[in-house]
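Residue-level listing of the chains:
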Amino acid sequence: MFVVIAIFIGVASLIGGYIAIHHEDLSVAIIASGLVSLFASIIFLLLAAPDVAMTEAAIGSGLTTLIFFYVLNKIRQRND
Amino acid sequence: MIKKWIILGILAGMGLIFFDLFSAFRGNETLGKTADYYARHGAEEVGASNIVTAIVVTYRGFDTLGEVTILFLTAAIISFVLKIRQEDILPNRPIRITSELLDSASQVIVPVIFMVGIYIFVNGHLTPGGGFPGGAVIASGVLLMILSNPNFSVSHKVIAWVESISGVGFVLLGVMGILFAGGFLDNRVLGLGDFGKLFSAGIIPFIYSFIGLKVGAELSNILGAISHAQNEKN
Amino acid sequence: MEYIAISTGFALMLLGLWGILSQKNLIKIVLGFTIFDTGINIVMVSIGYVKGKAAPILDVINASEAANKIVDPVPQALVLTAIVIGLGVTALMLVYVLKLHREKNSLDINSFKDLKW
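These numbers were taken from a predicted model, which means no experiment stands behind them.

Draft legend 1. Focus on the overall build of chain A. Summing up its helical and strand segments, chain A has 3 helices and 0 strands in all. Start at the N end of chain A and walk to the C end: the helices and strands fall as α-α-α. Judged by the C-alpha coordinates and their principal axes, chain A covers about 50 × 25 × 10 Å. Across the 80 residues in chain A, those meeting the buried criterion constitute 59%. For chain A, restricting intrachain contacts to residue pairs at least 6 apart in sequence, the fraction spanning at least 24 positions comes to 50%.

In structure tokens:
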């Protein structure tokens, strides 16, 4: 059962990574990279590493995404 | 065109290296020597039920001190690079007013988020978690405050005090290890106490609280600097 | 389980490297770095995984038989600090992107040719 979940999460994170690299809309790409971090935190949980999973969920998908959006917002504000 | 082939070549080389590493990977059936030592002696030597905490704070505490220093350096460089002169600040930036829902919900939720963060790092030696996730949770509470009130600015005075007190406290507790126990950052200064209780494992709860406060203050400082940079002219 | 995790990690590393090398947009390059980072962390944690063992927290596991029942805690401790450093490095790169954009008013990496010869 865990193996099926792990395969599903792994494929989903790879798709998220592909979207993050290749989508031309930057907001979509940033959200997709936050999604990769979220899936990675589930993989850490399946690998019996709850400490790492908590840290990755709080930092990787929370704070990093928001910092990207702040920078993107400032750049868009300049271009207007 | 030639650029594309170079990129493909680099990727193929890295893929070959990774495939080699992957095909040599057999998975583990037992622990390695170092990990075996930590698992056998961690509970009696350090007294923390979370072995990861025992390694981060005591066995490799010096690494953690260096890591916190690196984080402090990045926060300081970010504040330095994003410094805005007084005449470059936009006097009245058009601000979208936050909705009533976010505004009143954040007043209720932010104290709870801070409490969860403090709970995570105080119990770092008993449950999963510790200073780093706890500090990140506190920083996300600060982020919610910034998002709900765009004019909110992170107070530099508070950040500087929290950061210097926790940094000095971390090093002082480490030096107390030299004076009263086996060496720098040795946790047996206070006695190990009952295994599995909140006040056990020597000075680990105090050191991890200092680390949590320091990480929270540094991440909040980064967030505050980047959100303050939105006010810059161009 | 560990095979799936380690192959996911290697694939994410390759994906991130491809993004770093092939993209022109500076923010896309930083995104490539974060994906590379996540891949390295997954690989490191999965190297420490031991088949069928529990997390290294001794609440229900007895301390005397811990060595036979837990996974390797050392890579987890390393990755714990590496994630926090990763956030700091990403924030630093993004701040430099902001500064570079102010100089040239462009995010394209081909417009920064001042030191090119």
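Draft legend 2. Highlighting the overall build of chain C. Each helix and strand in chain C was counted, giving 3 helices and 0 strands. Ordered by position from the N terminus, the helices and strands of chain C form the series α-α-α. Rg of the C-alpha trace for chain C: 20 Å, well past the compact-globule value of 13 Å for 117 residues, more than 25% over. Taken over the C-alpha atoms alone, chain C extends approximately 65 × 25 × 20 Å along its principal axes. Residue burial in chain C is summarised as follows: out of 117 residues, 57% are buried. Residue pairs at least 24 apart in sequence account for 54% of intrachain contacts in chain C once pairs closer than 6 positions are excluded. Of the roughly 4,700 Å² of accessible surface on chain C, a fraction of 61% belongs to carbon and sulfur atoms. Looking at charge distribution, chain C has the averaged site of its 10 positive side-chain charges lying 11 Å from that of its 8 negative ones.

Draft legend 3. The arrangement of the interface of chain A and chain C in detail. The interface of chain A with chain C comprises 43 residues on the first partner and 46 residues on the second. Summing the contributions of chain A and of chain C, the shared interface buries around 3,700 Å²; its carbon and sulfur component is 82%. Where chain A meets chain C, there are 0 salt bridges. Here chain A and chain C share 6 residue pairs in polar contact (both at pLDDT 80 or more) between them. Sorting elements by how many residues they give to the side of chain A that touches chain C places helix H3 (residues 50–79) of chain A first, with 16 residues. Tallied by class, residues from the side of chain A that touches chain C come to 28 nonpolar, 10 polar and 5 charged.

Draft legend 4. Layout of the pattern of salt bridges. Inspection of every chain in the model, using the stated rule, returns 5 salt bridges over all chains. Across the pair B:Glu163 and B:Lys214 runs a salt bridge, and its minimum N-O distance is 3.9 Å. Of this pair, B:Glu163 sits in helix H7 (residues 156–180) while B:Lys214 sits in helix H8 (residues 204–228), and the two are 51 residues apart along the sequence. Linking C:Glu2 and C:Lys51 is a salt bridge whose minimum nitrogen-to-oxygen distance equals 3.5 Å. Pair noted here: C:Glu2 is in helix H1 (residues 2–22) and C:Lys51 is in the loop between helix H2 (26–47) and helix H3 (73–104), with a separation of 49 residues, a long-range link. In this structure C:Glu2 comes out as buried when scored by relative accessible area, which is 2%. With relative accessibility at 38%, the residue C:Lys51 sits in the partly exposed group. Counted as one network, the salt bridges with shared partners bring together B:Glu163, B:Lys214 and B:Glu218.

Draft legend 5. Broad picture of the interface of chain C and chain B. Listed as interface residues are 45 residues of chain C and, on the opposing side, 47 residues of chain B. In total, chain C and chain B occlude about 4,200 Å² of area from one another, counting both sides; carbon and sulfur atoms represent 77% of this. Counting across the chain C and chain B interface gives 4 residue pairs in polar contact (both at pLDDT 80 or more). The set of elements that each furnish at least two residues to the side of chain C that touches chain B consists of H1, H2 and H3 of chain C. When grouped by side-chain class, the residues that make up the side of chain C that touches chain B number 32 nonpolar, 7 polar and 6 charged.

Draft legend 6. Quick look at the packing of aromatic side chains. Taken as a whole and judged by the stated rule, the model has 7 aromatic pairs over all chains. Look at A:Tyr18 and C:Trp18: their rings are 6.3 Å apart centre to centre, the planes differ by 15°, and that puts the pair in the stacked class. Within this pair, whereas A:Tyr18 is found in helix H1 (residues 2–22), its partner C:Trp18 is found in helix H1, the two belonging to separate chains. Through successive ring pairs, a cluster of aromatic residues spans B:Phe22, B:Phe25 and C:Tyr3.

Thresholds applied
- Residues numbered from 1 in each chain as written.
- Chains lettered and ligands numbered in written order.
- Predicted model: local features only at pLDDT ≥ 70, side-chain atom pairs only at ≥ 80, totals over all residues.
- Heavy atoms only, no water.
- Helix = DSSP H or I, 4+ residues; strand = E, 2+ residues; numbered from the N terminus.
- Buried < 20%, exposed > 50% of the residue type's maximum accessible area, 1.4 Å probe, protein only.
- Contact = heavy atoms within 4.5 Å.
- Rg over C-alpha atoms; globule rule 2.2 N^0.38 Å.
- Areas by Shrake-Rupley, 256 points an atom, 1.4 Å probe, with all protein chains shown as cover.
- Lys, Arg positive; Asp, Glu negative; His and termini not counted.
- Charge placed at Lys NZ, Arg CZ, Asp CG, Glu CD.
- Buried area = accessible area lost by both parts, 1.4 Å probe.
- Salt bridge = Lys/Arg side-chain N within 4 Å of Asp/Glu carboxyl O.
- Polar contact = N/O pair within 3.5 Å; in protein donor to acceptor, adjacent residues only side chain to side chain.
- Nonpolar A, V, L, I, M, F, W, Y, C, P; charged D, E, K, R; others polar.
- Phe/Tyr/Trp six-rings, centres within 6.5 Å; stacked < 30°, edge-to-face > 60°.

Worth remembering: the numbers are spatial, not functional.
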